[in-house]
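Structure at a glance
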Amino acid sequence: MILSKTFPRLLVATEFPPNAGGGGPAVLRQMLKGWPVEKLFWWSCFSGSEPKFGQKTAAHAIATIPPKLYPHRRARLLKSWLLDSFWTPWATNHFERTLKESQPQAIWVIPHQWAIPPLASVLLKSNLNFHVNVQDYMDAKQVRARFGGERGDRWARLAEQLYAKAATRDAISHTMVADLQAKTGCPAMQMLRAGIESEDLNLLASEKEKLRDRIRIAYAGTIVVEKEFALFVSALGKIRNRLPRQVSLEFFGNHSYHNREWFDSTWMNEHGNLSALELSKALRECDWGFSPMGLTDEDPNYNRFSLPTKFITYLAAGLPVVTLGHQESSVVKMALQYDVGLCATASDVETLSGQLLAALSEPCPKSKYRAEILRCTSTEFDAEKMRTVLYDCFRKCASLNR
């Protein structure tokens with residue numbers, strides 16, 4: 001294989017397609033900014049995508065999981081067994097064929113759910129050098145509940161083996177990097193997560209805060225911890241009439257929550273799934289972002305190691321953040337390290353409502369927290385720096401594969 005001086009032929013291999021919604025796919029698209037389309041290939045288990053996200057590839061190979069067989073809600077364990085027994089062997093052969101056809105010089109593996117078994121079956125036995133990015137642990141509570149505890153544990157071990165065998169590797173949070181090194185003995189090259197571009201940092205530093213007619217609180221993405229979200233809504237509802245301005249909750253993402261008991265259309269608005277540019281623009285019209293995680297530590301593999309992309313997205317738009325979670329959760333630790341808004345660990349409505357009343361009564365929250373938002377973003381989420389390290393990892397893999 002001939003190695004390009006600048007960009008090797010890269011194959012991204014994971015469960016989701018190039019233009020999928022959600023934080024994980026958004027991170028990949030951001031990190032691939034500027035990568036030549038003719039040298040970018042993709043392997044995934046799904047074809048569905050949002051064209052508005054705009055990620056192009058030279059070729060996209062899809063080991064399609066039949067939609068009716070995907071374990072969404074009904075017969076989850078039966079469908080998972082069928083996929084393990086019949087789809088996985090076929091997908092393994094499909095990935096092998098994709099490698100032969102695309103002839104990548106470097107491979108970027110994101111071990112996520114159903115992509116893990118076929119990727120592990122091929123790459124753990126091969127001499128190919130590849131890069132691994134761990135975004136979530138597969139033995140987290142929600143994965144085990146959806147696909148079965150044994151399967152989640154097996155996927156987690158396979159992901160660790162891929163991480164250990166990789167030529168280069170990274171993960172999403174300080175705690176995950178340390179944990180993976182303790183488990184595998186292998187250091188990461190960096191933390192790779194959503195980043196903030198230099199133009200956003202410049203805009204954030206110079207932007208003047210506008211006085212608005214209401215307090216708009218943004219929530220971006222899927223609600224993962226709905227119990228905590230309902231607590232937040234209840235606490236906010238208790239103080240709505242005591243705030244200096246009317247308050248509204250603004251939802252951005254794939255999912256609708258109109259049917260939830262806590263949803264109140266008189267002060268909650270849904271905006272759907274927006275492109276990165278549209279979302280950034282919409283968030284700048286808000287005053288706060290909300291980033292919750294579990295208030296208990298019953299799901300430590302999510303709470304302690306994952307870092308919600310929404311937290312970073314809010315900061316990129318200059319929003320102070322209302323952070324709610326267990327004291328050991330990654331997002332609370334980040335919010336305690338940098339004073340970027342209200343950091344709460346209260347699990348009762350009275351305490352939380354009092355904290356929200358004090359924080360949301362601040363007339364100019366963006367100005368108040370701007371210095372710390374800038375310090376946090378420039379220290380933790382420099383997109384260009386992360387991209388540079390990542391591209392060096394790809395080039396190293398390509399050099400080893402010659």
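Quick summary incoming for the structure in this document.

Here the focus is the overall build of the chain. The helix and strand tally for the chain stands at 15 helices and 13 strands. With the C-alpha coordinates of the chain rotated into their principal frame, the extents come out at 65 × 50 × 40 Å. Summarising the internal contacts of the chain: among those between residues at least 6 apart in sequence, 73% fall at separations of at least 24. Put simply, the chain shows about 17,300 Å² of open surface, and 52% of that area lies on carbon and sulfur atoms. The averaged location of the 41 negative side-chain charges in the chain is 5 Å from the averaged location of its 50 positive side-chain charges.

Turning to the state of the cysteines, a few remarks are in order. As enumerated under the stated definition, the model contains zero disulfides in all. Counting only cysteine sulfurs, cysteine 397 is the nearest neighbor of cysteine 186, a cysteine outside any disulfide, at a range of 13 Å. You can call cysteine 186 buried: its relative accessible area is 14%.

Bringing the layout of surface pockets into the picture now. In this structure, the second largest pocket spans a volume of roughly 400 Å³. When residues of the lining of the second largest pocket are traced back to their parent elements, those giving at least two are α4 (141–147), α8 (226–239) and α10 (300–303). Per-element tally for the lining of the second largest pocket: the top contributor is α8, with three residues.

In this section: the sheet that holds strand β13 (residues 341–344). An order of β10-β9-β8-β11-β12-β13 is seen for the six strands of this open sheet, with the pairing classed as parallel. Each edge of the open sheet is held by one strand with a lone partner, namely β10 (268–270) and β13. Ignoring which end each strand starts from, the neighbouring axes of this sheet average 20° apart. Where strand β12 (residues 321–324) meets β13, four bridges bridge the pair, whose relative direction is parallel.

Turning to the sheet that holds strand β4 (residues 106–109), a few remarks are in order. Overall, parallel pairing links the seven strands, which are arranged β3-β2-β1-β4-β5-β6-β7 in an open sheet. The open sheet has two edge strands, β3 (59–62) and β7 (190–191), and neither has a second partner. Note: strand β2 (residues 40–44) against β3, four bridges, orientation parallel. Paired with serine 44 across the bridge in β3 is isoleucine 62.

Further remarks concern empty space enclosed by the protein. Under the definition given, this model contains one cavity of 30 Å³ or more. Looking at the largest cavity, the residues that line it are Val134, Asp136, Tyr137, Met138, Asp139, Ala156, Arg157, Ala159, Glu160, Leu180 and Lys183. If you list the elements that add at least two residues to the lining of the largest cavity, you get α5 (149–165) and α6 (174–184). With four residues, α5 is the largest single contributor of residues to the lining of the largest cavity. When the residues that make up the lining of the largest cavity are grouped by side-chain class, the tally is six nonpolar, no polar and five charged.

Once that is clear, we can look at the pattern of salt bridges. Per the stated rule, a full pass over the model turns up 25 salt bridges. Across the pair lysine 33 and glutamate 197 runs a salt bridge, and its minimum N-O distance is 3.9 Å. With lysine 33 in the loop between α1 (23–31) and β2 and glutamate 197 in the loop between β7 and α7 (198–206), this residue pair connects regions lying 164 residues apart in the sequence. When its relative accessible area of 42% is taken as the criterion, lysine 33 is described as partly exposed. Between aspartate 287 and arginine 212 there is a salt bridge; the shortest N-O distance is 3.6 Å. Here arginine 212 lies in the loop between α7 and β8 (214–220) and aspartate 287 lies in the loop between α9 (276–283) and β11 (288–292), a separation of 75 residues in the sequence. Taken as a pair, aspartate 287 and arginine 212 share a single burial class, namely buried. Salt bridges here are not isolated pairs; linked through shared partners, they connect Lys33, Glu197, Glu199, Glu384 and Arg387.

Residues Leu78, Trp81 and Phe86 make up a contiguous nonpolar surface patch of roughly 380 Å² in combined accessible area. Inspection of the secondary structure puts leucine 78 in helix α2 (residues 76–102).

One non-glycine residue, glutamine 103, adopts positive backbone phi at about 50°. Along the chain, the position of glutamine 103 falls in the loop between α2 and β4. The backbone of glutamine 113 sits at a positive phi, close to 45°, despite the residue not being glycine. The topology assignment puts glutamine 113 in the loop between β4 and α3 (116–123).

By relative accessible area, aspartate 287 is classed as buried at 3%. On a C-alpha basis, the gap between aspartate 287 and histidine 271 in space is 16 Å, while along the polypeptide they are 16 residues apart. Residues within four places of aspartate 287 in sequence aside, it is in contact with Arg212, Arg214, Ile215, Arg216, Arg245, Leu319, Pro320, Pro365 and Lys366.

What counts and what doesn't
- Residues numbered from 1 in each chain as written.
- Predicted model: local features only at pLDDT ≥ 70, side-chain atom pairs only at ≥ 80, totals over all residues.
- Heavy atoms only, no water.
- Helix = DSSP H or I, 4+ residues; strand = E, 2+ residues; numbered from the N terminus.
- Contact = heavy atoms within 4.5 Å.
- Areas by Shrake-Rupley, 256 points an atom, 1.4 Å probe, with all protein chains shown as cover.
- Lys, Arg positive; Asp, Glu negative; His and termini not counted.
- Charge placed at Lys NZ, Arg CZ, Asp CG, Glu CD.
- Disulfide = S-S within 2.5 Å.
- Buried < 20%, exposed > 50% of the residue type's maximum accessible area, 1.4 Å probe, protein only.
- 1 Å grid on protein atoms, 1.4 Å probe; cavity = no way out; pocket = protein on both sides within 12 Å on 5 of 7 lines; lining within 4 Å.
- Points joined across faces, edges and corners; volume = space filled by probe spheres on them.
- Pairing = 2+ DSSP bridges.
- Axes fitted to C-alpha atoms, helices over the stretch in contact; angles between N-to-C directions.
- Nonpolar A, V, L, I, M, F, W, Y, C, P; charged D, E, K, R; others polar.
- Salt bridge = Lys/Arg side-chain N within 4 Å of Asp/Glu carboxyl O.
- Patch = residues over 30% accessible without salt bridge, like charges linked within 9 Å, V, L, I, M, F, W, Y side chains within 5 Å.

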